[in-house]
Amino acid sequence: MANFLAQFQTIKNTSDRLVISVEDVSDIWPTVKPAFEARLPFKRATLNNKTRNPVFVEALPAEFILTTDSRLRSRFPHEQFLFWFREPYANIVLVTCEDLDEFKTILKPRLKLIVQNDEREWFVVFVSKAHPANDQASKMAKKVYAKLEVEFNTKKRERCCKYDMHLPEANFWEDLESKIMECIRNTLDRRVQFYEDEIRKLSEQRLMPVWNFCNFFILKESLAFMFEMAHLHEDALREYDELELCYLETVNVTGKQRDFGGADHGDDQAALVNPGNKALTQIVQEDSFREFEFRQYLFACQSKLLFKLNRPIEAASRGYSFIISFSKSLALHERILPFCMREVWVTTACLALIEATTSNYKDELVAPDIEKEFFRLLGDLYSLARVKFMRLAYLIGYGTDIERSPVNSASLSLLPWPKPAVWPTVPADASTEVLEKEKLILQTTSRTKSFGIQRKPLPLEPTVLLREANRRRASLSAGNMSEMFDSRQGPMEGSGFDSSTRMSPPRKALASSSMSRTNSSPGNFEGSIDRPMRLAEIFIAAEHALKQTISNPELWKSLSSSEEFEQKYLDLTKGAADNYHRSWWKRHGVVLDGEIAAVAFKHGHFDQAAKSYEKVCALYAGEGWQDLLAEVLPNLAECQKILNDQAGYLLSCVRLLSLDEGLFLTKERQAFQSEVVRLAHSEMKDPVPLDVSSLITFSGNPGPPLALCDKDPGILSVTLWSGFPDDITLDSISLTLNATYNTDEGVKALKSSTAIVLHPGRNTITLDLPPQKPGSYVLGVLTGQIGPLRFRSHSFSKVGPADSDDFMSYEKPAKPILKVFKPRALVDLDAAVSSALLINEDQWVGILVRPVNYSLKAAVLHIDTGPGLEIKESHVIEMESSAGVSENDGDQVQNDDAQIRTLNSDKKFERLILRDGKIEFPNWASEIPSILWVLVRAISDTLSRGSSSATTRRESIVDGMRTIALKLEFGAFHNQIFERTLAVHFTYPFYVRTRVTDKCNDGTLLLQYTMIRVTSR
């Protein structure tokens, strides 16, 4: 059966639709052929799939072929059996007759002979030539057709239909298509059953020595191709899937050495969407096929069916998985394949699959989620092609054109080198190329990073290329090992051009060696295998080897020069980034935007580079990837500096300072700070607030919040953590307080007008706190001023140990830093002794001072007497503690004189002096109740009136009342004022009593006058 492989391939290439044979008994086909073929393809076809379930086929292609055609007549019986899928699926017997006798004697026997083969699906089409105006001819035609129906129709199936050439009936074409579909269905079911039985027989012999995969393949693909012709693409795809699984089983059978393939010219170009890339006869190998070509052939058949099913997304998904899997197979056979065959094939496979899937993709028919997944797959394909392409470019000396970014380093450093059996050697006539390449290596200088950052370049190779290439050479003399592992090589030896300069020999040695090569014969290059190759020789050798491997002129053109490489590199990077942006994986797109920015920066397109770098830095910062941010952020800062974007440049410097200290050297961080200070003191066009929330954090001091009473000012102490590496001087600083009880309350700013020097780490500052409204307050925004530049910080730090300098914390504390209490009584003034005092006598008046949970430290009492009352300033004023009232008692003052004057063992006493009507309290009286004894005199010029003994003495209270106005200033800034007027009652010191002691005879009364002195208690 395998001998028919070439014929099978030819039949597949020429057969693409179902065949319907036409038995033209009456030579009428040329007349009706146009009308019949106009019905193709069949619009409404229903066929049975492999599981016998009906499937609607929208447009079923078919072809009418006469049975006398050479395409049907030239087939041998064994060919018909083997290639049954190309045989007719329906047989139309086309007849016409105008006479009953002719029908009985000629037509009927002939038809019986034609349809006696039960294996064929057939039906009869009677063509009536009778004109509608000819009634006799029409009646005769009807009679003949009636006889035809009687002879060939059965109860189970009608096999006849009538076609009127002049006026076809309305339902004729539907009847014709119905009968054709019935024949095709029956034929298809029968043939599917036949192929399944044959395939099952061969499958049972799969483990036997006589097993032949070619025979199995012909049967299996015949079935798949028959499904494909019938537009049952799902069934055809399933057959190819099963065929692939069976082939992989046979390939993995141990003990059989098979030729892998892939060594022909042009094999480097993947054939994932081109099943006819190679004829099957070219890849056949004994009882099977070469793996390299056959696996690609199977996938190409699968992808073709997926595109016909309008499933390009699945084709992309399958294709990416196939490329990864097949790349591993290429790695296993890399020693027998051309140099870098794996990298070249993967690159071409990805590009071919991208082109095929995008051309077959129709976005209007896809749900948004599926669409995003499709673009993600395209991004993966572009990324894979990009990495392989960079590896090829690196091998031929374009390493300096590849940005040593984190993403490129991660991709290339994990990608192994090619593993040929023997590393390519330098051609004999390539001496000039080697010299030019060495000059290029020596002239190459790495770009100096901004801020003088000294950072070890990220690697672009898994191991040192110089060592890897020489290790894989055919022979290596032991005497030259020291040349390969020269002690002058640095830690990044062999890593592209940067390290190649360090690995180069001294100038004199280089000159002498160059001269010897120049003057030597080409044969010296052939004999150079006895010594290790230099890096330039490795590049030239790889370039010549790749020229033999790559057959795609466009791909080789992209590697022909640095400019062409860069253009292709940009195309692949942009393709990956654009598709990732349209998919779920937007972060991948942003990262690749950074690679595009690096190329733009290299060519001086700083505006474009800055926009892309900003996206990359925002991504890295949001994810907390500080190591990656430290690689990209200096580039953004340099772009902003060149573009004179002062605000952006300042922010980038602050963000650089905010990164972990271990990412940069101290002198580099100091350079960042110096740039910030320099710009702050320069004349900025549009000074804007600079957010330093990640660099300067702050919090209240440990312990309870500062408690103040209403109208009390205070001093607020705040702890600041500075992330600057050196001291930095702020011209001024302000801090806002936010009220927790009312979000509509205006923000209150505390300002310090004096310059403040922030030291690295922990700092403590104090701010004057003006009186605030009652409530609780938390810290808001910290603002510092350096020249015209304002720093703003919104970050709060959790208070750690007292000796902790950790300032990176972004948790807003729930604990208030300030509490202002509602208005309440802070002090009480009352008279300790206010009655039974004598007028015109020096009397001690006691004033009770009682603080209510408030300090009276340094309080000042102003005393102002009313009319008729004076204080002798020359006399001292006594002040003593009062033990009769609790220090924090909030009740009314007790007026019981005996209780107030009770002495205590720890009673305090002090003499004070009244100056300008005011007294300053001693410190001991700030927290405890005390009594102030003031010597006063009530003045009155009137004498006391006398009274008889018979009457009771009455004295006006108003006449003896005097007032003392008190004003107490207390609080830290004497901002609290308490005023009260005390009423003091006085009485006269003596009064006269008159009494009649005797009455004379002449009527004269003898009076007795008695003066009584009133004493005060």
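Here, every reference points to the structure presented above.
Criteria and thresholds
- Residues numbered from 1 in each chain as written.
- Predicted model: local features only at pLDDT ≥ 70, side-chain atom pairs only at ≥ 80, totals over all residues.
- Heavy atoms only, no water.
- Helix = DSSP H or I, 4+ residues; strand = E, 2+ residues; numbered from the N terminus.
- Buried < 20%, exposed > 50% of the residue type's maximum accessible area, 1.4 Å probe, protein only.
- Contact = heavy atoms within 4.5 Å.
- Areas by Shrake-Rupley, 256 points an atom, 1.4 Å probe, with all protein chains shown as cover.
- Expected span 1.5 Å × (residues − 1).
- Bend = angle between axes of the 7 residues up to and from the residue.
- Polar contact = N/O pair within 3.5 Å; in protein donor to acceptor, adjacent residues only side chain to side chain.
- Phe/Tyr/Trp six-rings, centres within 6.5 Å; stacked < 30°, edge-to-face > 60°.
- Axes fitted to C-alpha atoms, helices over the stretch in contact; angles between N-to-C directions.
- Parallel < 35°, antiparallel > 145°, perpendicular 65-115°, else oblique.
- Left-handed = near helix turned anticlockwise from the far one by under 90°.
- Nonpolar A, V, L, I, M, F, W, Y, C, P; charged D, E, K, R; others polar.
- Pairing = 2+ DSSP bridges.
- Core = buried A, V, L, I, M, F, W, Y, C linked by side-chain atoms within 4.5 Å.

What exactly am I supposed to notice about the overall build of the protein chain here?
Looking only at helices and strands, the protein chain has 30 helices and 35 strands in total. Burial status across the protein chain gives 50% buried among its 1017 residues. Within the protein chain, contacts between residues separated by at least 24 positions form 76% of all contacts whose residues are at least 6 apart in sequence. Carbon and sulfur atoms form 51% of the exposed surface of the protein chain, whose accessible area is close to 49,300 Å².

How should I be thinking about unusual backbone geometry in this particular structure?
For residues that are not glycine, phi is negative in most cases, and the peptide bond is trans in most cases. With an omega of -10 degrees, the peptide bond running from Leu40 to Pro41 counts as cis. Inspection of the secondary structure assignment puts Pro41 in the loop between α2 (29-37) and β2 (45-48). One non-glycine residue, Arg52, lies in positive phi territory at about 65 degrees. The residue Arg52 is located in the loop between β2 and β3 (54-57) in this model. Even without glycine at this site, Asn644 takes up a positive phi of about 60 degrees. We classify Asn644 as partly exposed; its relative accessible area is 48%.

Explain helix α5 (residues 100-114) to me, please; I cannot follow it from the model alone.
Owing to its 3.6 residues per turn, the α-helix aligns residues three or four sequence positions apart on the same side. The first and last C-alpha atoms of α5 sit 20 Å apart over 15 residues, in line with the 21 Å expected at 1.5 Å per residue. A bend of about 40 degrees at Leu107 is the largest found in α5, and the proline Pro109 appears one to four places after it. Residues of α5 that are buried include every one of Phe103, Leu107, Leu111 and Ile114, and no others. Among the structural elements, β1 (18-24), β5 (90-95) and α6 (135-152) are those in contact with the buried residues of α5. Backbone nitrogen of Asp101 and a side-chain oxygen of the N-cap are separated by 3.1 Å at the start of α5; the cap is Asp99.

Explain the side chain of Asp712 here, please?
As for its position among the elements, Asp712 is in the loop between β12 (706-708) and β13 (714-722). Judged by its relative accessible area of 6%, Asp712 is buried. Here Asn975 takes part through its side chain, which lies 2.7 Å from a polar atom of the side chain of Asp712. Discounting chain neighbours no more than four positions away, the residues touching Asp712 are Pro770, Pro771, Gln772, Tyr854, Asn975 and Gln976.

What am I meant to see in the environment of Arg792 here?
Its location among the elements puts Arg792 in strand β20 (residues 789-793). Arg792 sits 59 residues away from Ile733 along the chain, and the two C-alpha atoms are 9.8 Å apart.

Honestly, the packing of aromatic side chains in this entry has me stumped. Any pointers?
Each aromatic ring pair is described using two quantities: the centre-to-centre distance and the angle formed by the ring planes. Evaluated as defined, the whole model comprises 47 aromatic pairs. An angle of 20 degrees between the planes, with centres 6.2 Å apart, marks the rings of Tyr580 and Trp585 as stacked. We classify Tyr580 as buried; its relative accessible area is 3%. For Trp585, a relative accessible area of 34% translates into the label partly exposed. Among the aromatic residues, those joined into a ring-pair cluster are Phe8, Phe85, Trp211, Phe213, Phe216, Phe217, Phe225, Tyr247, Phe289, Phe294 and Tyr297.

How should the packing of helix α7 (residues 172-204) against helix α8 (residues 213-229) be read in this particular structure?
Helix packing geometry: the angle between the two helix axes and the distance between the axes. At a minimum axis separation of 10 Å, α7 and α8 run at an interaxial angle of 155 degrees. Classified by the angle between their axes, α7 and α8 sit roughly antiparallel to one another. Judged by the twist between their axes, the crossing of α7 over α8 is left-handed. For the pair formed by α7 and α8, the contact residues are Leu188, Arg191, Val192, Tyr195, Glu196, Glu198, Ile199, Leu202 and Ser203 on the first element and Asn215, Phe216, Leu219, Lys220, Ser222, Leu223, Met226 and Phe227 on the second. Among the residues forming the contact of α7 with α8, the class breakdown is ten nonpolar, three polar and four charged.

Help me understand the sheet that holds strand β29 (residues 918-920) in this model?
Neighbouring strands of a sheet are bound in pairs by backbone hydrogen bonds; such pairs are parallel or else antiparallel. Sheet architecture is open: five strands sit in the order β23-β33-β32-β25-β29, paired in mixed fashion. Strands at the two margins of the open sheet, each flanked by one partner only, are β23 (837-838) and β29. In terms of strand pairing, β23 meets strand β33 (residues 976-987) through two bridges, oriented parallel. The residue bridging Leu837 from the neighbouring strand is Phe986, located in β33.

What is the right way to read the packing of helix α13 (residues 341-359) against helix α14 (residues 368-395) from this model?
Contact pair α13 / α14: the axes reach a minimum separation of 9 Å and the direction vectors enclose 150 degrees. With respect to their mutual orientation, α13 and α14 come out roughly antiparallel. Between α13 and α14 lies a crossing whose hand is left-handed. Contacts from Arg342, Glu343, Val344, Val346, Thr347, Cys350, Leu351, Leu353, Ile354, Thr357 and Thr358 of α13 reach α14 at Phe374, Leu378, Leu381, Tyr382, Leu384, Ala385, Lys388, Phe389, Arg391 and Leu392. Here the contact of α13 with α14 is built from residues that sort into 14 nonpolar, three polar and four charged.

In this structure, what is going on with the sheet that holds strand β18 (residues 761-769)? I would like to understand it.
Across the sheet, three strands lie side by side as β11-β13-β18; this open sheet has antiparallel pairing. Either end of the sheet is taken by a strand with one partner, and the two such strands are β11 (696-700) and β18. Taking the axes of each pair of neighbouring strands and ignoring which way they run, one obtains an average angle of 30 degrees across the sheet.

Can you help me understand the environment of Pro702 in this one?
Here Pro702 shows up in the loop between β11 and β12. Taking relative accessible area as the criterion, Pro702 reaches 52% and is therefore assigned exposed. As for Pro702 and Val718, which are separated by 16 residues in sequence, their C-alpha atoms are 9.8 Å apart.

So what exactly am I meant to see when it comes to the nonpolar core here?
Nonpolar side chains tend to gather and get buried jointly when the protein is soluble and globular. With 78 residues, the main nonpolar core has Ile323, Trp345, Leu465 and Leu546 as its most contacted residues. Ranked by the residues each element gives to this core, the list is headed by α14, at 15 residues. Setting aside anything within four residues of it in sequence, one finds Trp345 in contact with Asp267, Asp268, Ala270, Leu272, Phe292, Gln296, Phe322, Ile323, Phe326 and Leu330. Ranked by size, the runner-up nonpolar core spans 76 residues in total, among them Leu94, Val125, Ile180 and Leu188.

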